[in-house]
Amino acid sequence: MKLVIAEKPSVANSLAAVLGATTRKDGYLEGGGWLVSWCLGHLAGLADAATYNPDYAKWRYDDLPILPESWRFTIAKDKRDQFDVLRTLLRREDVTEVVNACDAGREGELIFRTVYCLAGCTKPIRRLWISSMEDSAIREGFANLRPGADYDGLHQAALCRAKADWLVGINATRLFSVLYHRTLNIGRVMSPTLALIVQREAEIDAFKPVPFYTVALELPGFSAASSRMDNKDTAEQLRQACEGGMATVKQVERKDKTEKPPALYDLTTLQRDANRLLGFTAQQTLDYLQNLYEKKLCTYPRTDSRYLTSDMAEGLPVLVNLVANAMPFRKGIAISCDAAAVINDKKVTDHHAVIPTRNIREADLSALPVGERAILELVALRLLCAVAPPHTYAETAVTVECADTEFTAKGRTVKQPGWRALDAAYRASMKNAEPDNDNESKALPELTEGQKLPVAGAAVKEGKTTPPKHYTEDTLLSAMETAGKDEMPEDAERKGLGTPATRASILEKLVQMGFVERRGKQLLPTKDGHNLACVLPDVLTSPQLTAQWETELTAIAKGQADPEGFMAGIAEMTRGLIANYSQISEDAQKLFQTERVVIGKCPRCGESVYEGKKNYYCGNRSCQFVMWKNDRFFEERRKAFTPKIAAALLKDGKAKVKGLYSERTGKTYDGTVLLCDTGEKYVNYRIEQRK
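Undergrad: How should I be thinking about the overall build of the protein chain in this particular structure?
TA: When helices and strands are counted, the protein chain shows 21 helices and 25 strands. Here the C-alpha coordinates of the protein chain stretch approximately 95 × 85 × 60 Å along the principal axes. Sequence-distant contacts, at least 24 apart, represent 71% of the contacts inside the protein chain between residues at least 6 apart. A total of about 34,700 Å² of accessible surface is found on the protein chain, and carbon and sulfur atoms cover 47% of it. Taking the average place of the 94 positive charges on the side chains of the protein chain and the average place of its 91 negative ones, the gap between the two points comes to 7 Å.

So this is what it looks like as structure tokens:
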């Protein structure tokens, strides 16, 4: 009997259907000599600090750094039952071999190995490594199972990543939270990503726009523009000199140009386009793509490759035709397939690019959720474009002279639309599609050098230099991908912040923790986010550190680096961090204090009254005045004690309130609430009697 362990129940069901394991049991499926079960994602993880020492339950500087000598794992409470199922299956005497069918990547390897080790299993491991959940891909994968030992390095890299993130996260988070009296979550990838956003805002704030001027000439069939000028008077003089005059064609340059089709999507480029074109967040795109993968309509999502392998070349024309027939926007456009443009074995690591599967032929795409269908169409468009002919055009650049000054104009004539015909058809099918500004240039009339042209009009146009743009998820993902690249060696395989699989969750965490806010498509730092990025040392905010980690982890996965040496370096860095930040100034400690909202003046002492989480309280500590939000008076009348009501009571001693509930009549009414403060411990209220 062979035991197959998948990462999720949905994947396990697909594998079991192909293997013939159709009998459903408690937590697994059985049949045909196979047992198929699943992990529910990360069943077990590194234990929290208090597991090593109960004293660590409290956060204190004196306990830092926390550096476990031997690492412990804990099983999530809500996943204990499934772990027990797996442990029983792994220990069954009739199980001779275990197949790791968790997602084919670094984290999938960690998920499986952690369960395997915690269950005390020593049975032989085989590895299923597939990029598609199609039945044919599953069958081929099981026919070519690889020895588990081939992935020992990948497991070591995954374990080092988890331990290093634990050490930096636990120690840095506790250190800065204790110093600043506020929970400040700090992470190896999260903190430098926040620093990128804060740095961009600083560049925007520091930017001072500089005006510039150009002169535009209206000529027969086209317009030409001068170069930029700093002085408006100079531009006005040029305009007057050209007005009603003649311009001479000095140079006409015609070039035939070719625009190659774009490469296929990896996860990051798909997330970027989905944000720009569809407004999806990186996490939404990943979720939709994961669902399409599990529905067998797209290949493996968490890939950093934009090419396919040579063994896929033969079947590619059939796939391209199936995809074209399923896409309404390509009607009337001839489809071709240049497989060589997308095949490159050297540029495919663990997984090839994201493409649709042949199952698109039978699928009812109209039944898909809107987000999933939009992502599938985007992936389909990219496949069709990537194998289509190049876009060719003739570009003409003209220089004319007027009043001893050169003016230039460019135009283009499309010779062969190629892949851009598909791209234009897709954009035309979208509501509110963003225009394709790259392809907007119009054709120029036929011109010859020395030709004289009458100037029909001249105008001065004013512009200003523009600041850098706020980050969107599109541009931030690009920045994360290239962060620190200038400091990395040329042959470094994985550069930048995080991996395609983790970047989306990093952005979500920054938003959830209140360090970044979304405003439309823009990602902006909050006040706390700005302060945090400013107080953290370079070692935690510099992209070079995490980019270097990723390079070392890739080397560990290939067996080219020592895991123990890597972890020793992380521990040393952690010790140095704690030693360098033992204390900060009193002013600095107030950086993250919540700004108190003033509601009004205290009726007892005249000091300001502030809003707290549960009450409205006097800022004078010796004064006992406090109004509780859960006061029985308001609860009985089923009315929230809002800041607006509190402010009115403090200002006028009364507040008009709508929708007060009467227990006597069971109905609501509008009334005036009076503040009745006798100076005792509790403040009282009553309803003003109607006259």
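Undergrad: Help me out: how do you make sense of the pairing of strand β24 (residues 668-676) in this one?
TA: Each regular strand carries side chains that alternate between the two faces of the sheet. Bridge count for strand β23 (residues 654-661) against β24 is six bridges, and the pairing is antiparallel. Bridging across to β24, K654 finds its partner in L674. Between β23 and β24, which follow one another and run antiparallel, lie six residues, and G666 among them has a positive phi close to 75°. Sheet topology note: the β24/strand β25 (residues 684-687) ladder contains four bridges and is antiparallel. Considered in β25, the bridge of L674 is made with R686.

Undergrad: Would you mind going over the sheet that holds β25 with me for this structure?
TA: Read across the open sheet, the three strands follow the order β23-β24-β25; overall the sheet is antiparallel. Two strands close off the open sheet at either side, each with one partner strand: β23 and β25. Averaged over all neighbouring strand pairs, the angle between strand axes comes to 40°, with direction disregarded. Running over the sheet, helix α21 (residues 643-652) touches β23, β24 and β25 and is turned about 145° from β23.

Undergrad: I would appreciate a short explanation of the sheet that holds strand β21 (residues 615-618) in the present structure.
TA: Sheet strands pair via backbone hydrogen bonds, and the direction of the pair is either parallel or antiparallel. Ordered by their spatial adjacency, four strands build an open sheet running β19-β20-β21-β22, and the pairing between neighbours is antiparallel. Since the sheet does not close on itself, it has two edges, and those belong to β19 (598-601) and β22 (626-628), each with one partner. Recorded for the sheet is a direction-independent mean angle of 20° between the axes of neighbouring strands. Relative to β22, β21 runs antiparallel, the two being bridged by three bridges. Across the sheet, residue N615 finds its bridge partner in β22, namely W628. Helix-sheet contacts for α21 involve β19, β20 (608-611), β21 and β22, and the interaxial angle to β19 is about 15°.

Undergrad: What should I look at first to understand the packing of aromatic side chains in this one?
TA: Remark: the centre distance and the inter-plane angle together describe each pair of aromatic rings, the angle taken between the planes. Scanning the model with the defined rule gives 18 aromatic pairs in all. Ring plane angle 80° and centroid distance 5.5 Å describe the contact between F329 and Y426, whose orientation is recorded as edge-to-face. Remark: Y426 occurs in helix α12 (residues 419-429) and F329 occurs in the loop between α10 (316-326) and α11 (370-386); sequence separation between them is 97 residues. Across the pair, Y426 and F329 agree in class, each one buried. Pairwise contacts between aromatic rings join Y616, F633, F634, F641 and Y685 into one cluster. One residue, R382, lies across the ring of Y265, its end atom 4.2 Å from the ring centre. The residue whose ring lies beneath R637 is F633, and the NZ or CZ to ring-centre distance is 4.0 Å.

Undergrad: Quick question: what am I supposed to make of the environment of L194 here?
TA: Turning to its location among the elements, L194 is positioned in helix α6 (residues 190-206). Among the residues examined, L194 registers a relative accessible area of 2% and is labelled buried. Between the C-alpha atom of L194 and that of P68, which follows or precedes it by 126 residues, the distance is 28 Å. The residues touching L194, leaving out its near neighbours within four places in the chain, are L510, F515, V516, G529, L532 and A533.

Undergrad: What is the right way to look at unusual backbone geometry in this model?
TA: For residues other than glycine, phi is negative in most cases, and the peptide bonds are mostly trans. With an omega of 0°, the peptide bond running from L64 to P65 counts as cis. By the element assignment, P65 lies in the loop between β5 (44-46) and β6 (73-75). With a phi close to 70°, K296 is a non-glycine residue in the positive phi region. In this structure, R638 takes a positive phi of about 50° despite not being glycine. Topologically, R638 is positioned in the loop between α20 (632-636) and α21. Given the relative accessible area of 62%, R638 is considered exposed.

Undergrad: What's the story with the environment of G411 in this structure? I'm lost.
TA: Structurally, G411 is set in strand β14 (residues 405-416). Distance in space between the C-alpha atoms of G411 and V398 is 8.6 Å, their sequence separation being 13 residues.

Undergrad: Explain the packing of helix α2 (residues 80-91) against helix α3 (residues 106-118) to me, please; I cannot follow it from the model alone.
TA: To characterise two packed helices, one gives the angle between the axes of the helices and the distance between these axes. In the contact formed by α2 and α3, the axes pass within 9 Å of each other and the chain directions differ by 65°. The angle between α2 and α3 places the two elements in the roughly perpendicular class. The handedness of the crossing between α2 and α3 comes out as right-handed. For the pair α2 and α3, the contacting residues are F83, L86 and L90 in the first and V115, Y116 and L118 in the second.

Undergrad: Please clarify how the nonpolar core should be interpreted in this entry.
TA: Side chains that are nonpolar tend, in soluble globular proteins, to be buried together. Core analysis: the largest hydrophobic core is formed by 107 residues, its most contacted members being F176, L316, L532 and F566. Residue contributions to this core peak at 14 residues, all from helix α5 (residues 152-180). Those residues in contact with L316, other than ones at most four positions away along the chain, are L308, C337, A339, V342, L383 and V387.

Undergrad: Help me understand helix α13 (residues 473-482) in this model?
TA: Residues separated by three or four positions in an α-helix point in the same direction, a consequence of the helix having 3.6 residues per turn. Regarding α13, the residues found buried are E473, D474, L476, L477, A479 and M480. On its buried face, α13 sits against α6, α8 (267-278), α9 (282-294), α14 (503-512), β17 (516-519) and β18 (522-525).

Undergrad: Help me understand the pairing of β19 in this model?
TA: Alignment of β19 against β20, held across three bridges, turns out to be antiparallel. Residue pairing in the sheet places V598 in a bridge with Y610 of β20. Between the end of β19 and the start of β20, which pair antiparallel, lie six residues, with G606 showing a positive phi angle near 85°.

Undergrad: Even after reading the chapter, I still don't get the packing of α8 against α11, so can you show me in this structure?
TA: Running from N to C, α8 and α11 cross one another at 115°; their axes reach a closest spacing of 11 Å. Crossing geometry of α8 relative to α11 is assigned as right-handed. Contacts between α8 and α11 involve L270, D273, A274, L277 and L278 from the former and A374, I375, L378, V379 and R382 from the latter.

Undergrad: Looking at this structure, how should I read the pattern of salt bridges?
TA: Within the structure shown, the criterion is met by 40 salt bridges. We note a salt bridge from R604 to D677, for which the minimum N-O separation is 2.7 Å. You can see R604 sitting in the loop between β19 and β20 and its partner D677 sitting in the loop between β24 and β25, a full 73 residues away along the chain. One network of salt bridges, in which partners are shared, links R106, E107, R161, D165, R188 and E550.

Undergrad: Is there a simple way to think about α5 in this case?
TA: When the terminal C-alpha atoms of α5 are compared, their 41 Å separation across 29 residues agrees well with the 42 Å that a helix rising 1.5 Å per residue should span. Taking burial as the measure, the 29 residues of α5 include 24 buried ones, the bulk of the element.

Undergrad: Can you walk me through the side chain of T541 in this structure?
TA: Tracing the chain through its elements places T541 in helix α16 (residues 538-541). Sequence-distant contacts of T541, that is, excluding residues within four places in its chain, are made with S191, P192, A195, A533 and L536.

Conventions adopted
Residues numbered from 1 in each chain as written. Predicted model: local features only at pLDDT ≥ 70, side-chain atom pairs only at ≥ 80, totals over all residues. Heavy atoms only, no water. Helix = DSSP H or I, 4+ residues; strand = E, 2+ residues; numbered from the N terminus. Contact = heavy atoms within 4.5 Å. Areas by Shrake-Rupley, 256 points an atom, 1.4 Å probe, with all protein chains shown as cover. Lys, Arg positive; Asp, Glu negative; His and termini not counted. Charge placed at Lys NZ, Arg CZ, Asp CG, Glu CD. Pairing = 2+ DSSP bridges. Axes fitted to C-alpha atoms, helices over the stretch in contact; angles between N-to-C directions. Phe/Tyr/Trp six-rings, centres within 6.5 Å; stacked < 30°, edge-to-face > 60°. Buried < 20%, exposed > 50% of the residue type's maximum accessible area, 1.4 Å probe, protein only. Lys NZ or Arg CZ within 6 Å of the ring centre and 35° of its normal. Parallel < 35°, antiparallel > 145°, perpendicular 65-115°, else oblique. Left-handed = near helix turned anticlockwise from the far one by under 90°. Core = buried A, V, L, I, M, F, W, Y, C linked by side-chain atoms within 4.5 Å. Salt bridge = Lys/Arg side-chain N within 4 Å of Asp/Glu carboxyl O. Expected span 1.5 Å × (residues − 1).

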